Amino acid sequence: MPQGTRDASFRFMERLAEQGFGYAGAYLEQACRCSALIVGPDRELLYPAAVIENGSTGSPADIADPGPDEARYRFDASHCRLTYFIPLGRASASIVLAPVRKASVEETVSILDEVSAPLTYHLASYLSSQRMIRAMKDDASARLFENGARGLADYLATRQLQIDETGSYFITITRIGGGNQRYDWASTSESVRQYLREQHASDVIDIGIDEGFIHIFPSDYAVDDEGRKMPHRHFYDLAYHKAVHDRYNGIVTSIGIGRSYPFAQLGTSLKEAKEALELGWLLGKEDDIIRYAQLGILAILLDTDHDALRSHCEQALKPVIDFEAAHGTPLMNTLRLMLDHSFRWTDVSKLLFIHVNTLRYRMDKIAELLDSDFSEQAVRANYFIIVKLYDLLNSEQQSS
């Protein structure tokens, strides 16, 4: 690969990792001068936020799987539509571009070839994180904490482990976000237990789950600097153990920490630890330790009814979502990037591959649709929270 092409591919990968499929779609539309769809292997629409009815790209349902001997792309001359396939194991993601003239097919495919490697990597990471979210929703271990955690008490009895059901506890969840796929869970389980013994933390209980661990700590344990501010009997250095564990095993983990509750209410601590992990991914802390209690206003809002909260976020953003669906202008991703980058106009215009004046036009349209003045910090803070909750709650709904 020529040096210039390699550098461009690296730049694309960096920005893709930061901004996601919204950046990839905008880049392809700019580079190929046409509309784009990015569709996952399960026909999930990844870009744009909605399909324009009767649009030139069609819809995810229109995409047929590639045949066993088919080339990496398919060109439909009758609809001037090019479908480019990205293999992901036994399935394929697809990029649909239209309108594409027959004379431009070769040039368009060369552009797609240049970005296929970083897109493949990002798609694999995205699908892995979605599987993690689904696993956290559907994990059979969650049933241990139902009905006053009776299932947990019975499970611990079968392992000949004792727990004081009159005490209070908090839960941490450790999940793998990347690294060595040949991860030895059996030896890791033993190394975790060995570390607990070395730390004289024999009353901490570990439970192996899909792609990670649950730990149940007595409430008088501190596991981070925030916990050390409160009265505690024992300190378990979670950050140190995570760093050593990740480096030794060649992996990247994230840890969510729930608040302390009586034994019968441990299901609430489990739920909080899961939500801390999910919000950590949305806030760009996918390799960090996230304490639910430190999520501030987001944690308070997540304590409310999720259906009502989702409805509120959807209604607040509805004018922008509807305009994007009708006109194809990626306003939601524009708003998301502006909020994430503190309204640094030049930075965001570069990320979107548009002129700063085009970005100002988009933001003027967003402000008009939402009847809001984004020069006010309070308005920016309000929509930052709304957009983050909208993204989180929609990922919950899709994985349920």
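Structure shown above.
Residues numbered from 1 in each chain as written. Predicted model: local features only at pLDDT ≥ 70, side-chain atom pairs only at ≥ 80, totals over all residues. Heavy atoms only, no water.

> Teacher, can you tell me more about the sheet that holds strand β2 (residues 45–47) here?
As a general point, the strands of a sheet are linked pairwise by backbone hydrogen bonds and lie either parallel or antiparallel. What the five strands build is an open sheet, ordered β2-β1-β5-β4-β3; its pairing is antiparallel. Unpaired on one side and paired on the other, β2 and β3 (73–76) mark the two borders of the sheet. In this sheet, adjacent strand axes meet at a mean angle of 25° when their direction is disregarded. Relative to strand β5 (residues 91–98), strand β4 (residues 81–88) runs antiparallel, the two being bridged by seven bridges. The residue of β5 that forms the bridge with L88 is A91. (Pairing = 2+ DSSP bridges. Helix = DSSP H or I, 4+ residues; strand = E, 2+ residues; numbered from the N terminus. Axes fitted to C-alpha atoms, helices over the stretch in contact; angles between N-to-C directions.)

> What is the right way to read helix α10 (residues 306–327) from this model?
Quick reminder: α-helices carry 3.6 residues per turn. Residues three or four places apart thus point the same way. In a regular helix each residue adds 1.5 Å, so 22 residues correspond to 32 Å; α10 covers 30 Å between its end C-alpha atoms and thus fits that length. For α10, the principal kink sits at K318 and spans about 60°; a proline, P319, occurs within the next four residues. The set of residues buried in α10 consists of H306, L309, R310, C313, A316, L317, V320, F323 and E324. Once α10 finishes, G328 follows within two positions and takes phi at roughly 80°, a positive value. (Expected span 1.5 Å × (residues − 1). Bend = angle between axes of the 7 residues up to and from the residue. Buried < 20%, exposed > 50% of the residue type's maximum accessible area, 1.4 Å probe, protein only.)

> Got a minute to help me understand unusual backbone geometry in this structure?
The phi torsion of most residues other than glycine is negative, and most of the peptide bonds are trans. The amide bond that connects Y47 to the next residue, P48, takes the cis arrangement and shows omega of -5°. As for its position among the elements, P48 is in the loop between β2 and β3. Residue A98 is joined to P99 through a cis peptide bond whose omega torsion reads -5°. Topologically, P99 is positioned in the loop between β5 and α3 (105–138).

> Please explain the nonpolar core as it appears in this structure.
A general feature of soluble globular proteins is that nonpolar side chains tend to end up buried together. Of all hydrophobic cores here, the largest spans 39 residues; its most connected members are L335 and F374. Of all the secondary-structure elements, those providing two or more residues to this core are α8 (266–282), α9 (297–302), α10, α11 (331–340), α12 (345–352), α13 (356–370) and α14 (377–399). Of all the elements, α14 adds the most residues to this core, at nine residues. Within the second largest apolar cluster, 30 residues are counted, among which are Y23, A24, L88 and L127. (Core = buried A, V, L, I, M, F, W, Y, C linked by side-chain atoms within 4.5 Å.)

> Got a minute to help me understand the environment of R362 in this structure?
Within the secondary structure, R362 sits in helix α13. Note on R362: relative accessible area 11%, which makes it buried. Remark: the alpha-carbon pair of R362 and P330, spanning 32 residues in sequence, is separated by 8.8 Å. The residues contacting R362, other than those within four sequence positions of it, are T329, P330, L331, T334, L352 and I354. (Contact = heavy atoms within 4.5 Å.)

> Which parts of the structure should I look at to understand the pattern of salt bridges?
Think of it this way: side chains of opposite charge can pair up when their charged atoms draw near. The final tally for this structure, using the stated rule, is 11 salt bridges. The residue R33 makes a salt bridge to E107 at a minimum N-O spacing of 3.9 Å. Here the residue R33 occupies a position in the loop between α2 (21–32) and β1 (35–39), and E107 occupies one in helix α3, the gap between them amounting to 74 residues. Exposure remark for E107: the relative accessible area of 43% places this residue in the partly exposed category. Put simply, D307 and R310 hold a salt bridge, and the shortest N to O gap is 2.9 Å. (Salt bridge = Lys/Arg side-chain N within 4 Å of Asp/Glu carboxyl O.)

> What am I meant to see in the pairing of strand β11 (residues 251–257) here?
Counting buried residues in β11 gives six out of seven residues, a clear majority hidden from the surface. Looking at chain direction, β11 and strand β13 (residues 289–291) are connected through three bridges and run parallel. Paired with G256 across the two strands is I290, which belongs to β13.

Interpretation in functional terms is not warranted from these geometric data alone.
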